[in-house]
Protein chains: 2
Amino acid sequence: MKKWHEVGVGEVGKRQATQVDIARKAGVSTATVSRVLNRSPLVKPQVREHVLAVMAELKYYPHAAARALASSRTYTIGAVIPTLNNSIFAASVNSFEARLQLANYTLLVAVSNYDLTVEEVQLKRLIERGVEGLLLIGNAHTDGAYRTLEDSGVVYANIWAYDRKLRHPNIGFSNRKAASAIVDHLVGLGHRRIGMLAGITAGNDRARDRMIAVREQLAKYKLQLVGEATMEVEYAIPAGRRALAKVLENGKLPTALICGNDVIAIGVLFEAQRRGIRVPQQLSITGFDNMPLIQDISPRMTTVNVPAQEMGERAATAILSAIEEGNSIRSREIKASLIIGETTATPRH
Amino acid sequence: MKKWHEVGVGEVGKRQATQVDIARKAGVSTATVSRVLNRSPLVKPQVREHVLAVMAELKYYPHAAARALASSRTYTIGAVIPTLNNSIFAASVNSFEARLQLANYTLLVAVSNYDLTVEEVQLKRLIERGVEGLLLIGNAHTDGAYRTLEDSGVVYANIWAYDRKLRHPNIGFSNRKAASAIVDHLVGLGHRRIGMLAGITAGNDRARDRMIAVREQLAKYKLQLVGEATMEVEYAIPAGRRALAKVLENGKLPTALICGNDVIAIGVLFEAQRRGIRVPQQLSITGFDNMPLIQDISPRMTTVNVPAQEMGERAATAILSAIEEGNSIRSREIKASLIIGETTATPRH
DNA sequence: TTGAAAGCGCTAACAA
DNA sequence: TTGTTAGCGCTTTCAA
């Protein structure tokens, strides 16, 4: 066995005090020490005080791994998210963590970089770590991922998506409904020539759902997306700029461009302004997500308000309740409302 | 003891296979199973294959807690950050995690909400969890936090700060130098009446350093901040707007406003534009951080480019090397360069 | 109200 | 090259 003074990795070892040390010094058994640690009401107040004092004196830290092994509880929750950049999901993770913290749980974070295969690997890693619950983004995960989830019996919630047809626990909004609302709004204003600069749909069911819903909703009006003004675009301002340039190269500008998210939309807006294309008179633009990014720009962007923070909080609450009360996680739809700004208007022919 | 079928919390228990199960089924000892798991070269290839097959068949997952207990290695790194919102630190955490992932380490994240007392609590929690390394933001931490770090012997790195006078391992840039460079730039342009809209300095040494350095550097030119145009402001666009309004109420507009970060700066810029104050002719504005937010706005913001991603990567590399090779973490300065944009110019009196 | 003692699943020294 | 076995630090049953 390794020797204890190798424990502190790279550190000359001051061995951490254990319950045995506490017990010995306090003249009680380790069982009593454990009871004190776990706030058992069976311990006489006098004894408890004494044990606590010894713990403080010896700078005792409970050893989480040993605890987890003995109790098969880790008080750990995992999250696998596509990215922490762009602040798209960061707000959800932030509120998720805040809620866990209150309940004395710790968060393990893994980033998949929008790669579902990587996501599956991360998922397995987190489960090995003994997470008692998991937060995932969207409903699109590999079969292997869902199988692993199933096998492990770990409680999980998919946020940023809500699809009543799927049986996965969803705590989010319907990307489809929101995208449909955008179409209704534009068509209602009189738009007929509409293009879409969607996000990259590979491995991203939110982007895909937005795209599909736009197509379906347009079909209800006997319309379809203008092919030369429709493409998949990376979530970045310059990418949005380039996309507008490409649309112009491809042919006549449509009267409206639906963008996969606000970042793309703002790129399009900036490029339009640079080229002297009047928004919304000549071109209507819609974003998605209502990111901080667009909060104070002018003209005010028409977009969809996504309840990022609320999804994080509610997911945490649901997961904790599932763990502690044994409730199963019920899907819950959170409204994502259309915010009508100044980048959309009746087209002037 | 709890019964095994209670393990899957809220789940009817299919008990996870253990090494004993694998060993029995494969007709070997648990030591061999362990060796296979840990890629020991001592196992005969034939035997290894067989054991691996059995593991797959039984869907074996190593039990991380048991492993940690037996080997006193957790392969876990912690990070305590002020917030995940605003994407200020998110980029660093993102690249930090990516690097850890490659080395098969897992990241525990805790958010302190800019509260150093909360930070200390989080720190202790993470250490209990057995993290082998820690990522912190800035050099300002409670004495208790530093003492805990010391006692635990856990390797750590402070990013987003670089101060050669402090003995803490810093992987970051000098907020002071960068702030001084802003002053040099403005004074060089001919500004004499300069105000500062700093971030909230309580519990935030980066904000504090920027403020202090501005004052000190101005002093070198026998100048000082215009009192009525100097205040602490929350990191939010509307807060920046309100700050400019307040400066105007307080008295005469200075010729330049140094902002604590880009978010504040953009609020000031927008408000100036709304009020018809010409930037930079009537008012020069400087930001800080070079956030994605300002990448494509016009006029281009004068700001400081902060190597957020690089700090995350380098910190991960340093921490991993400290853990695995036993090197101590050496402080490292990463350049934060002044980006001169179009929001600063010679003042027109 | 307390203590004794049997594990939790794994690693690693030691023996073979 | 493999097996035996003694822990790692804690929780929890059972008995007192």
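Keep in mind that what you see is a predicted model, and the values were worked out from it rather than measured.

A. Quick look at the protein's contact with DNA strand C. Surveying the vicinity of DNA strand C reveals 28 residues, the closest of which are Ala31(A), Gln19(B), Ser34(B), His63(B) and Ala70(B). Sorting elements by how many residues they give to the surface near DNA strand C places helix 4 (residues 64-71) of chain B first, with five residues. A breakdown of the residues in the surface near DNA strand C according to their chemical character gives 15 nonpolar, 10 polar and three charged.

B. Highlighting the sheet that holds strand 11 (residues 332-333) of chain B. Taking strand neighbours across the sheet as the criterion, the 12 strands line up as 11(A)-5(A)-4(A)-3(A)-1(A)-2(A)-2(B)-1(B)-3(B)-4(B)-5(B)-11(B) in an open arrangement whose pairing is mixed. Single-partner strands in this sheet number two, and they are strand 11 (332-333) of chain A together with strand 11 of chain B. When strand 1 (residues 76-81) of chain B meets strand 3 (residues 133-137) of chain B, the two strands line up parallel, connected through four bridges. Directly across from Val80(B), in strand 3 of chain B, lies its bridge partner Leu136(B). Lying on the sheet, helix 6 (residues 116-128) of chain A is in contact with strand 1 (76-81), strand 2 (106-111) and strand 3 (133-137) of chain A together with strand 2 (106-111) of chain B; it crosses strand 1 of chain A at an angle near 175 degrees. Against the sheet, helix 6 (residues 116-128) of chain B contacts strand 2 of chain A together with strand 1, strand 2 and strand 3 of chain B, and its axis sits at roughly 175 degrees relative to strand 1 of chain B.

C. Inspection of the sheet that holds strand 9 (residues 284-286) of chain B at higher detail. All names here are of chain B. Reading across the sheet, the four strands line up as 7-6-8-9 and stay open at both edges, with parallel pairing between neighbours. Only two strands of the sheet have a single neighbouring strand rather than two, namely strand 7 (230-233) and strand 9. Between one strand axis and the next, the sheet turns through 15 degrees on average, direction left out of account. Of the pairings in the sheet, the one linking strand 6 (residues 194-199) to strand 7 comprises four bridges and is parallel in character. Bridged to Leu197 within strand 7 is Met231. Against the sheet, helix 10 (residues 237-250) contacts strand 6, strand 7 and strand 8 (256-259), and its axis sits at roughly 160 degrees relative to strand 7.

D. Representation of unusual backbone geometry within the structure. The amide bond that connects Ser298(A) to the next residue, Pro299(A), takes the cis arrangement and shows omega of 0 degrees. Mapped onto the elements, Pro299(A) comes out in the loop between strand 9 (284-286) and strand 10 (303-305). One non-glycine residue, Arg39(A), lies in positive phi territory at about 55 degrees. Residue position: Arg39(A) is located in the loop between helix 2 (30-37) and helix 3 (45-57). We classify Arg39(A) as exposed; it has 8 C-beta atoms within 10 Å. In this structure, Asn290(B) takes a positive phi of about 55 degrees despite not being glycine.

E. Structural context of the environment of Leu84(A). With respect to the helices and strands, Leu84(A) occurs in the loop between strand 1 and helix 5 (90-102). With 27 C-beta atoms counted inside 10 Å, the residue Leu84(A) sits in the buried group. Sequence separation between Leu84(A) and Ala103(A) is 19 residues, and the spatial gap between their C-alpha atoms is 23 Å. Look past the residues within four positions of Leu84(A) in its chain and what remains in contact with it is Phe89(A), Ala90(A), Val111(A), Leu84(B), Ala90(B), Val93(B) and Asn94(B).

F. Spatial organisation of the interface of chain A and chain B. Chain A puts 54 residues into the contact, and the matching count from chain B is 54 residues. If you list the elements that add at least two residues to the side of chain A that touches chain B, you get helix 4 (64-71), helix 5, strand 2, helix 6, helix 10 (237-250), helix 11 (262-274) and helix 12 (308-325) of chain A. Top element by residues in the side of chain A that touches chain B is helix 5 of chain A. It accounts for seven residues. For the side of chain A that touches chain B, a count of residues per class yields 28 nonpolar, 16 polar and 10 charged. The pairing of strand 2 of chain A with strand 2 of chain B spans three bridges and is classified as antiparallel. Each bridged residue has a counterpart across the sheet, and for Leu107(A) the counterpart in strand 2 of chain B is Val109(B).

G. Structural detail: the protein's contact with DNA strand D. Residues in close proximity to DNA strand D total 29 residues, the closest being Gln19(A), Ser34(A), His63(A), Ala70(A) and Ala31(B). Secondary structure elements with two or more residues in the surface near DNA strand D: helix 2 and helix 4 of chain A together with helix 2 (30-37) and helix 4 of chain B. Along the lines of polarity and charge, the residues of the surface near DNA strand D split into 15 nonpolar, 10 polar and four charged.

H. How the structure looks around the relation of the copies chain A and chain B. Once chain A has been moved 0.0 Å along the axis and rotated by 180 degrees, it coincides with chain B to within an RMSD of 0.1 Å. Classification of the inter-copy transformation places it as that of a two-fold axis. The share of interface residues of chain A whose copies in chain B are also at the interface is 100%, consistent with both copies meeting through the same surface.

I. Structural detail: the pairing of strand 3 of chain A. Residue and element names in this part refer to chain A. Burial within strand 3 is extensive, with five of its five residues counted as buried. Here strand 3 shows no split at all, with Gly133, Leu135 and Ile137 on one side and Leu134 and Leu136 on the other all buried. Crossover connection from strand 3 via helix 7 (residues 143-152) to parallel strand 4 (residues 155-159): handedness right-handed.

J. Structural detail: helix 3 (residues 45-57) of chain B. All names here are of chain B. Helix length check: helix 3 (13 residues) gives 18 Å between terminal C-alpha atoms against 18 Å at 1.5 Å per residue, within 8%. What helix 3 keeps buried is the set Val51, Val54 and Met55. Down the axis of helix 3, the buried side of the element spans an arc of 105 degrees, and every buried residue falls inside it. Relative to its buried face, helix 3 has exposed residues pointing more than 90 degrees away, namely Pro45, Gln46, Glu49, Ala53, Ala56 and Glu57. The inward-facing, buried residues of helix 3 contact helix 1 (19-26) and helix 2. Looking at the residues trailing helix 3, positive phi occurs at Lys59, about 50 degrees.

K. Seen up close, the pairing of strand 1 of chain B. Residue and element names in this part refer to chain B. Within strand 1, six of the six residues are buried, leaving the element largely enclosed by the surrounding structure. By the alternation rule, side chains of strand 1 split into Thr76, Gly78 and Val80 and Ile77, Ala79 and Ile81, which are all buried. Read as a crossover between parallel neighbours, the route from strand 1 over helix 5 (residues 90-102) to strand 2 is right-handed.

L. Quick peek at the nonpolar core. Val268(A), Ala315(A), Ile319(A), Val268(B), Ala315(B) and Ile319(B) are the most contacted members of the largest nonpolar core, which totals 188 residues. If near-sequence neighbours (up to four positions away) are discounted, Ala315(B) is found in contact with Phe96(B), Leu135(B), Ala157(B), Ile159(B) and Ile171(B). Judged by nonpolar contacts, the second largest core, of nine residues, contains Ala26(A), Val33(A), Val51(A) and Met55(A).

M. Structural view of the packing of helix 1 of chain B against helix 2 of chain B. Residue and element names in this part refer to chain B. Running from N to C, helix 1 and helix 2 point in directions that differ by 110 degrees, and their axes come no closer than 8 Å. One way to sum up the angle between helix 1 and helix 2 is to call them roughly perpendicular. Residue-level contacts link Gln19, Val20, Ile22 and Ala23 of helix 1 to Thr30, Val33 and Ser34 of helix 2. Along the lines of polarity and charge, the residues of the contact of helix 1 with helix 2 split into four nonpolar, three polar and no charged.

N. The arrangement of helix 5 of chain A in detail. Residues and elements named next belong to chain A. Between the first and last C-alpha of helix 5 there are 19 Å, a value that for 13 residues agrees with the 18 Å anticipated at 1.5 Å per step. Along helix 5, 11 of the 13 residues are buried, which leaves the element largely enclosed by surrounding structure. Turning to helix 5, its buried residues number three or more, namely Ala90, Ala91, Ser92, Val93, Asn94, Ser95, Phe96, Glu97, Arg99, Leu100 and Gln101. Once helix 5 ends, the next one or two residues include Asn104, with phi positive near 65 degrees.

About the criteria used
- Residues numbered from 1 in each chain as written.
- Chains lettered and ligands numbered in written order.
- Predicted model: local features only at pLDDT ≥ 70, side-chain atom pairs only at ≥ 80, totals over all residues.
- Near = placed C-beta within 6 Å.
- Helix = DSSP H or I, 4+ residues; strand = E, 2+ residues; numbered from the N terminus.
- Nonpolar A, V, L, I, M, F, W, Y, C, P; charged D, E, K, R; others polar.
- Pairing = 2+ DSSP bridges.
- Contact = placed C-beta atoms within 7 Å.
- Axes fitted to C-alpha atoms, helices over the stretch in contact; angles between N-to-C directions.
- Buried ≥ 20, exposed ≤ 12 C-beta atoms within 10 Å, placed from the backbone.
- Least-squares fit on C-alpha atoms with pLDDT ≥ 70 in both.
- Right-handed = clockwise from strand over helix to strand, strands pointing away.
- Expected span 1.5 Å × (residues − 1).
- Arc of directions from axis to C-beta.
- Core = buried A, V, L, I, M, F, W, Y, C linked by C-beta atoms within 7 Å.
- Parallel < 35°, antiparallel > 145°, perpendicular 65-115°, else oblique.

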